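Close look at the chain arrangement
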Amino acid sequence: MFDLKVVIIGGGIGGLSAGIFLKRLGYKVHVYERAEEILPVGAAISLWSNGVKVMNSLGLGHEMIRRGGQMDKMLYHSIDDEKWFDLDLNPMFKEVGERGYPVARGELQQLLMDTYKSTGGELTLGKTCAGVRRVDEKDENSKVYAVFEDGSRSDVVDLLIGADGIKSTVRNYVMGKDFPLLYRYTNWNGLVKMSPELGKFNEWIMWVGEGKRASLMPVGTDRFYFFMGCPLPENAPPPKRGTEAMRDELKTIFKNFPQRVQNLIKAIDVKKLNRIPICDIDVLPTFSRGRVILLGDSAHPTLPVMGQGGALALEDSQILAYMLQTTNYSVVDALKRYVDSRRDRVNRIVLKGRERVKQIYPHTEDDKKGTQQWYDVLRSDKDFTKKVAKGLEYNLSQGPFPPRPLRSKL
């Protein structure tokens, strides 16, 4: 389709990448973001090969190489620092045709925002979407506009994209109801300077035990991205942000973890430490309604244990642009094709993430039994690395465009 007018609600990874793709199709695009300043949620992101391929399509692959960390190995250690699992990632990267690059989230968002601005796209900060309206309320496929909390509204557009995250207002319009957040576990994350006392520059290492996990992953410019998780009760009171009480909390929770984890806790700058309740929502049956579409976390918030949230949002943006570019029947038809092409893939990863959370961060006694069985497998099953590599390879090979089977010879 040609000459579309588009509003995007949300200026995160999905919204900005969609804006870039659609501007390059010649569309008139306006991104609205609720924050007065675009700040990242979380310190970094493990952008796997499928997401990097989208960045390549945006012309930003060289920036991923420059800004990303070198991740050659994936390791699991016990809380006694016994190596249980050691996976060389390079054969998998070679098979899928691209590396993964852990990158600071703020730098990735800034890169996308600068690129979007360079296309001439409009960006308005400090605008909170309050709802979506149709020009003709009796016509489900009518053109639409966004209304904002300050009483203003957007232009009437051919297409409105909801990229407004897990607490999406646009999703309420698409689905006709609100979706409550479902708490899973608590996550702490941030960035620390690389040091041999913490880990090697090219290894992603995870320590697991007691239903908890601590992890270090390399990002660019000699830094580690760390994340730590524990299934705290949902109503557990947090310590005051930016104080030594946050470090003390980690010392208590991870007191039985090995020395390198204690070194990590000591190295953390508590003023920059994030403490985030990790949540998701029920799986959605669709992502579209008329001329309104959801992408990224507004459509399928993916738990961080899968490392696919940002990559799937990037995939969404590229596939949406592809459907709009190659379909001339109608906007509504293109959006239905987008949903059909994305729903099974993203919902499978969402549900797999829930299984992984129960395994890593158990809440119930039954969950804890499953976690112990997983520890036993990590410790004793020498073929488990092959199984993990196969699962990772499948996930990465299915996006952004799934491989097509070769036609048999006539």
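Treat the numbers as computed from the prediction; the structure is a model and nothing was measured. (Residues numbered from 1 in each chain as written. Predicted model: local features only at pLDDT ≥ 70, side-chain atom pairs only at ≥ 80, totals over all residues. Heavy atoms only, no water.)

Its location among the elements puts Val357 in helix 10 (residues 331–360). Here Val357 falls in the buried class, since its relative accessible area comes to 4%. With 52 residues separating them along the chain, Val357 and Val305 place their C-alpha atoms 6.8 Å apart. Residues within four places of Val357 in sequence aside, it is in contact with Arg184, Tyr185, Leu303, Val305 and Pro362. (Helix = DSSP H or I, 4+ residues; strand = E, 2+ residues; numbered from the N terminus. Buried < 20%, exposed > 50% of the residue type's maximum accessible area, 1.4 Å probe, protein only. Contact = heavy atoms within 4.5 Å.)

Before going further, it helps to spend a moment on the side chain of Ser317. Structurally, the position occupied by Ser317 is in helix 9 (residues 309–326). Given a relative accessible area of 1%, Ser317 falls into the buried group. Apart from the residues lying within four places of it in its own chain, the contact partners of Ser317 are Gly14, Ser17, Ala18, Phe21 and Leu295.

When the terminal C-alpha atoms of helix 9 are compared, their 26 Å separation across 18 residues agrees well with the 26 Å that a helix rising 1.5 Å per residue should span. Taking burial as the measure, the 18 residues of helix 9 include 14 buried ones, the bulk of the element. (Expected span 1.5 Å × (residues − 1).)

On to the pattern of salt bridges, then. Within the structure shown, the criterion is met by 29 salt bridges. Close ionic contact of Asp86 with Lys73 constitutes a salt bridge, the shortest N to O distance being 3.4 Å. Of this pair, Asp86 sits in strand 5 (residues 83–88) while Lys73 sits in strand 4 (residues 73–78), and the two are 13 residues apart along the sequence. Residue classification places Asp86 among the partly exposed residues on the basis of a relative accessible area of 27%. The salt bridge partner of Glu315 is Arg342, with a shortest N-O separation of 2.8 Å. Placement of Glu315 in helix 9 and of Arg342 in helix 10 is noted, with a sequence separation of 27 residues between them. With respect to burial, Glu315 and Arg342 carry one shared label: buried. One connected set of salt bridges, linked through shared partners, spans Arg134, Glu137, Glu140 and Arg289. (Salt bridge = Lys/Arg side-chain N within 4 Å of Asp/Glu carboxyl O.)

Here we come to helix 12 (residues 384–397). Each full turn of the α-helix corresponds to 3.6 residues, which orients residues three or four apart in the same direction. Under the 1.5 Å per step criterion, the end-to-end length of helix 12 is 20 Å for 14 residues, consistent within 8% with the ideal 20 Å. Within helix 12, the full set of buried residues consists of Phe384, Thr385, Val388, Ala389, Leu392, Asn395 and Leu396. Along helix 12, the residues classed as buried sweep out an arc of 135° about the axis, all on the same side. Of the residues in helix 12, the exposed ones pointing more than 90 degrees away from the buried face are Lys386, Lys387 and Lys390. On its buried side, helix 12 packs onto helix 2 (49–57), strand 4, strand 5, helix 4 (90–96), helix 10 and helix 11 (365–380). (Arc of directions from axis to C-beta.)

So, about the packing of aromatic side chains. Overall, the coordinates contain 13 aromatic pairs when judged by the stated rule. Their ring planes at 50° and their centres at 6.3 Å tell us that Trp48 and Phe93 sit as a pair that is tilted. Separated by 45 residues along the polypeptide, Trp48 in the loop between strand 3 (44–47) and helix 2 and Phe93 in helix 4 bring together distant segments of the chain. Comparing Trp48 with Phe93, the two get one shared label, buried. Pairing Tyr322 with Phe401 gives two aromatic rings, centres 5.4 Å apart and planes at 75°, and the pair type is edge-to-face. On the criterion of sequence distance, the pair formed by Tyr322 in helix 9 and Phe401 in the segment after helix 12 is long-range, its members being 79 residues apart. (Phe/Tyr/Trp six-rings, centres within 6.5 Å; stacked < 30°, edge-to-face > 60°.)

What follows covers the environment of Phe226. Its location among the elements puts Phe226 in strand 14 (residues 223–230). The spatial distance from the C-alpha of Phe226 to the C-alpha of Leu198 is 10 Å, given a sequence separation of 28 residues.

Attention now moves to empty space enclosed by the protein. Within this structure, the stated rule accounts for 1 cavity of 30 Å³ or more. Empty space within the largest cavity amounts to approximately 30 Å³. Around the largest cavity, the lining residues are Ile281, Asp282, Val283, Leu284, Ala299, His300, Pro301, Asn347 and Val350. Counted by class, the lining of the largest cavity contains 6 nonpolar, 2 polar and 1 charged residues. (1 Å grid on protein atoms, 1.4 Å probe; cavity = no way out; pocket = protein on both sides within 12 Å on 5 of 7 lines; lining within 4 Å. Points joined across faces, edges and corners; volume = space filled by probe spheres on them. Nonpolar A, V, L, I, M, F, W, Y, C, P; charged D, E, K, R; others polar.)

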